[in-house]
Amino acid sequence: MQRGDSLNSPFVPFSPNPSIQQGTPTSTPPLKHTLSSSTSSNLRYSSSRKSIYDRHLNRSQRSELSKASFAFLFGEMVQYAQKRVNGITDLEKKLNLHGYSIGQRLLELLLWREGRGAKRETRILGILQFITTTVYRSIFNKPADGLEKSRDNEDEYMLIDNDPMVNSYISVPKEMSQLNCAAFVAGIIEAVLDGCLFPGRVTAHSVPTEQLPAKTVFLIKFDESVIERESVLG
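Let me begin by describing the structure that accompanies this report. Keep in mind it's a predicted model, so treat the numbers as computed, not measured.

### Topic: the side chain of Asn96
Next up, step 1: Inspection of the secondary structure puts Asn96 in helix H6 (residues 88–114).
Next up, step 2: The class for Asn96 is buried, based on a relative accessible area of 6%.
Next up, step 3: In contact with Asn96, other than residues within four places in its own chain, are Ala183, Phe184, Ala186, Gly187, Glu190, Arg201 and Val202.

Put into structure tokens, the structure is as follows:
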């Protein structure tokens, strides 16, 4: 087909620009002109044109979040997870998974803040003390209330929290009395252990007493490889 025949052809190449359909040459408009005014108006920045991702990670090291804000966000997360499970066990697993993702990021942040002075724990007692003090304090602004070793099983340890903050603003109905939303915290602990090469399983169990009705025990069961390594180092 000759060039002149293409002008008389009934088939016109498709183009979203009507001027090209008529054969009038045009140039591609700049990208900023293709954005609608409604889209650009929804983008909000601070006066310094910086977002939270531009802040230095050490700036928020000692900052605190109000309990009301945390309670609202955590309550919404529990309700969201509850609508997508079939029972209490599935709900606790879902909360555990949410906590696990938080724990992975928290460990990375804590190690980055410690910098070159970060110590790699190789013993079980050392990593558990790191969790009960550094990790727990960075989340709840207080250390854990206790740490015990099981008398019956060598691979089991118990981290104790007499009043988990995640349960403070959760109203559990009677038919779900076995639910413990501290499974979220168990996921955080499990992620930190896995990230430090101490694989295991962490579950949350309610152990109420007259003085401590909200007492929770986090049962940590280490993998067999961890126990074997501990015996070699010991």
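The discussion continues.
### With respect to the pairing of strand S1 (residues 146–149)
Within a regular strand, side chains alternate between the sheet's two faces.
Next up, step 1: Two strands pair when backbone bridges link them, and S1 and strand S2 (residues 156–161) are joined in this way by 4 bridges, in the antiparallel orientation. Paired with Glu148 across the bridge in S2 is Met158.
Next up, step 2: Between the end of S1 and the start of S2, which pair antiparallel, lie 6 residues.

### Section: the packing of aromatic side chains
Centre-to-centre distance and the angle between the planes together describe a pair of aromatic rings.
Next up, step 1: Scanning all chains against the criterion turns up 5 aromatic pairs.
Next up, step 2: Centre to centre, the rings of Tyr136 and Phe140 are 5.0 Å apart; their planes meet at 55°, and the pair counts as tilted. One end of the pair is Tyr136 and the other is Phe140, both in helix H7 (residues 124–140) and 4 residues apart, which spans about a single turn. Here Tyr136 and Phe140 have matching classes, each one buried.
Next up, step 3: Between Phe198 and Phe222, the aromatic rings sit 6.4 Å apart at their centres with planes inclined by 65°, giving edge-to-face as the arrangement. Here Phe198, found in the loop between helix H8 (183–195) and strand S3 (200–206), pairs with Phe222, found in strand S4 (residues 216–222); they are 24 residues apart in sequence, far enough to count as distant.
Next up, step 4: Through successive ring pairs, a cluster of aromatic residues spans Phe70, Phe74 and Phe184.
Next up, step 5: A cation sits over an aromatic face here: Arg84 above Tyr80, 3.7 Å from the ring centre.
Next up, step 6: Across from the ring centre of Phe198, 4.6 Å away, lies the NZ or CZ of Arg229, which sits over that ring.

The rules behind these values
Residues numbered from 1 in each chain as written. Predicted model: local features only at pLDDT ≥ 70, side-chain atom pairs only at ≥ 80, totals over all residues. Heavy atoms only, no water. Helix = DSSP H or I, 4+ residues; strand = E, 2+ residues; numbered from the N terminus. Buried < 20%, exposed > 50% of the residue type's maximum accessible area, 1.4 Å probe, protein only. Contact = heavy atoms within 4.5 Å. Pairing = 2+ DSSP bridges. Phe/Tyr/Trp six-rings, centres within 6.5 Å; stacked < 30°, edge-to-face > 60°. Lys NZ or Arg CZ within 6 Å of the ring centre and 35° of its normal.

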